[in-house]
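# Residue-level structural notes
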Amino acid sequence: MATVKKSKKKIIMPICIILVIAIIASVIFGVSKANAGESVSLYTIATDDIYEKVSLTGDVTAGSTKEYKVSAVATVKEVFVNVGDSVKKGDVLATFDTTSLDSQINSLQVSYNDAVKGYNNSVAAQKTAATKASALSDQIEELEDIISELEDMPETTRTTTKRATTAATQKPTNPTQKPTAPTKNPTQPSKEPEESTEPTSRDDQSSLESLAQIADSLKELNETLTQLTDDIGALAAMTEVIANSISGAIESGQLNNEVIAQLVAKDVSKAIQDGIIDSTQLIIDSGVAVEMIEKAVAGIDFEGIAAGVASTPNAALASSQIQLVALQAQYAIYSAQADDTIVNAQKTAMNTSKKALDVLKNEREAMSEGWVAAFDGTITAVDITAGASTTAFATGITLENLDSMTATVSLSEYDVHKVRVGMAAKVTTAFGTYDGEVTSIAPTATGGSSTSILDSVGSMAGISGLSSLTQSGAGVECKVTIKDTDENIIVGFDANVEIETGEHLGVVVVPIESIKLDKDGSYVYIYNEEEQTVTKTKIETGAVSSSAYEVKSGLKAGDKVISAPSSTYEDDTFKVKIKK
């Protein structure tokens, strides 16, 4: 039997026809759907009353609470109350033996007296240092003028005798002593032979090296002294003793660094023994301090410096420059001593000692009279026993007035400006709802971070005080007095609080669910009955309740809006089909 083959063209044609029909059908369906519009429900805008509230969660506390604490250690003589006892204002709760406080007060008094002495000494030392720094500044200025004149002279004119050079290099031990200017044309012939008038490069190099050495040596010596004490008086005394000792040795012709170091150590030790240098102000042991000073002085090559200066025909200039370095080193020390830093530190120490002393004196006075009930109430905690020692800063007895109850809540930065003392409130516990009134609002915020994102989100959603439910939001303590309390209100239990912050009567309102929020503000979709379309429209909102917003602009009573708009609308204006 022969097989009949069907034509491929006959198979393809029906398939194409089916596809065309499907496409046409889908287009017709889409057009039909577009003409029909999005299916939505509408809400007609009207006027209503809005009662604004701040909703918070807090805890029930006693109307008045007094915690009796001590800031010192004393012995408990007698305790007259137990937990649960009712007391009257003026009743003695406990008595103490304050004998041990006397020694503590005496110790603090000594510390305070020392702090006052230290402050006065630092002020006096600051004034002295400022005077010396001013005098040194004048000397430095004069010496700089002398050096400038010497530098302008021909090198042969700068030539001077060893004696003149020695006189010029002597550093003033007292800032009021003026620097010695080298004599340009001595009227008296020198008893010493004059130096060569011809400069050599070797002599100049020796002078420069000597200058660098004296500068480094003085710097190291100053650094050593500043490591030994942070007291301005001790530093000034050491500086003066060492400067006088070194100067005296050089004036007598002694240039051996080991010998000079021993002389300095001897003078410093004697100054410490005589009380000229206050050893109590040294950071390390006085013996170790003397050893450090002796070692620092021994490291200065006085003979080498003198030889380097004396060997140069420019000795007068070199000597003046060395003297300038020494004066500037002294000036730096006295300028630091004249600064306010040490004085301010001493003043802070003095004020701190005074505060501690006053607190302890007041504590002794209060405890010597015993703890007395500040108001009628109930003892809710007793953590001290007769014969035992008190623990500093720990609560010993707690007195509470349980005849009045308070709900304590935390107001966020978004709610605190809405709430005022005297506003009505509702306090709800597990056993019922009670009327209340805002009786106090703290002046500052405490706890948590500075802001809470929950409050921002909650504000847009019409929910207040979300930060009070978390540990992250800083808050302002607010107390709401609970009226007509009964046995079901127990201190420590949680309570939900609603504070009525305002009422807006007969205003245009829109349901919360009819509003869409974006970064630019609040929007609704207003219905156009003639066009059977809706248009996205921005509105300005005002007061808010748990279910609706006040509309200040953008809507009026009688307008119709989509009751629950979708977040997937692509166009701002589009056709809609109203659900029946």
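Here's what I pulled together on the structure shown here. Bear in mind the structure is a predicted one, so any value in this text is a computation, not a measurement.

All right, on to the overall build of the chain then. When helices and strands are tallied, the chain shows eleven helices and 19 strands. Put simply, the chain has 580 residues, and 36% of those count as buried. For the chain, long-range pairs separated by at least 24 residues make up 81% of all intrachain contacts whose partners lie at least 6 apart in sequence.

On to unusual backbone geometry, then. Phi at Asp484 takes a positive value of approximately 50°, unusual for a residue other than glycine. One can find Asp484 in the loop between strand 12 (475-482) and strand 13 (494-511). Judged by relative accessible area, which is 70%, Asp484 ranks as exposed. Even without glycine at this site, Gln532 takes up a positive phi of about 55°. Note that Gln532 resides in the loop between strand 15 (521-528) and strand 16 (533-544).

Bringing the sheet that holds strand 6 (residues 92-97) into the picture now. Read across the open sheet, the three strands follow the order 4-6-7; overall the sheet is antiparallel. In this open sheet, the two strands that pair with only one neighbour each are strand 4 (75-79) and strand 7 (371-372). In this sheet, strand 6 lies alongside strand 4 in antiparallel orientation, the contact comprising four bridges. Within strand 6, the residue paired with Thr75 across the bridge is Asp97.

Turning next to the packing of helix 2 (residues 99-152) against helix 10 (residues 340-369). The interhelical angle for the contact between helix 2 and helix 10, taken along N-to-C directions, is 160°, at an axis separation of 8 Å. It follows from the interaxial angle that helix 2 and helix 10 lie roughly antiparallel. Crossing handedness for the pair helix 2 and helix 10: left-handed. Among the residues forming the contact of helix 2 with helix 10, the class breakdown is 16 nonpolar, eight polar and six charged.

Next up on the list: the packing of aromatic side chains. A complete count under the given rule lists five aromatic pairs for this structure. Note on Tyr525 and Tyr569: the rings are 5.2 Å apart at their centroids and 80° apart in plane angle, and the pair reads as edge-to-face. Taken together, the residues span a long stretch of sequence, with Tyr525 in strand 15 and Tyr569 in the loop between strand 18 (560-562) and strand 19 (573-578) at a distance of 44 residues. When sorted by exposure, Tyr525 lands in the same class as Tyr569, which is buried. Positioned above the aromatic ring of Tyr68 is the side chain of Lys66, whose terminal nitrogen or guanidinium carbon lies 5.3 Å from the ring centre. The ring of Tyr523 carries the charged tip of Lys536 above its face, separated from the ring centre by 4.7 Å.

The subject of this paragraph is the packing of helix 6 (residues 257-273) against helix 7 (residues 286-298). For the pair helix 6 and helix 7, interaxial distance at closest approach is 8 Å and the crossing angle is 150°. Judged by the inter-axis angle, helix 6 sits roughly antiparallel to helix 7. For the pair helix 6 and helix 7, the crossing hand works out as right-handed. Mapping the contact onto sequence places Asn257, Glu258, Ile260, Ala261, Gln262, Val264, Ala265, Val268, Ser269 and Ile272 in helix 6 and Ser286, Val290, Ile293, Glu294, Val297 and Ala298 in helix 7.

Taking 1.5 Å of rise per residue, 13 residues should cover 18 Å, and helix 7 covers 18 Å from first to last C-alpha, within 8% of that figure. Among the residues making up helix 7, those that are buried are Ala289, Val290, Ile293, Val297 and Ala298. With its buried residues spanning 165° around the axis, helix 7 presents them on a single face. Structural note: helix 7 exposes Glu291 and Lys295 on the side pointing more than 90 degrees away from its buried face. Backbone nitrogen of Gly287 and a side-chain oxygen of the N-cap are separated by 3.0 Å at the start of helix 7; the cap is Asp285.

Here is what the cut-offs are and how they apply
Residues numbered from 1 in each chain as written. Predicted model: local features only at pLDDT ≥ 70, side-chain atom pairs only at ≥ 80, totals over all residues. Heavy atoms only, no water. Helix = DSSP H or I, 4+ residues; strand = E, 2+ residues; numbered from the N terminus. Buried < 20%, exposed > 50% of the residue type's maximum accessible area, 1.4 Å probe, protein only. Contact = heavy atoms within 4.5 Å. Pairing = 2+ DSSP bridges. Axes fitted to C-alpha atoms, helices over the stretch in contact; angles between N-to-C directions. Parallel < 35°, antiparallel > 145°, perpendicular 65-115°, else oblique. Left-handed = near helix turned anticlockwise from the far one by under 90°. Nonpolar A, V, L, I, M, F, W, Y, C, P; charged D, E, K, R; others polar. Phe/Tyr/Trp six-rings, centres within 6.5 Å; stacked < 30°, edge-to-face > 60°. Lys NZ or Arg CZ within 6 Å of the ring centre and 35° of its normal. Expected span 1.5 Å × (residues − 1). Arc of directions from axis to C-beta. Polar contact = N/O pair within 3.5 Å; in protein donor to acceptor, adjacent residues only side chain to side chain.

Taken by themselves, the reported measurements are silent on function.
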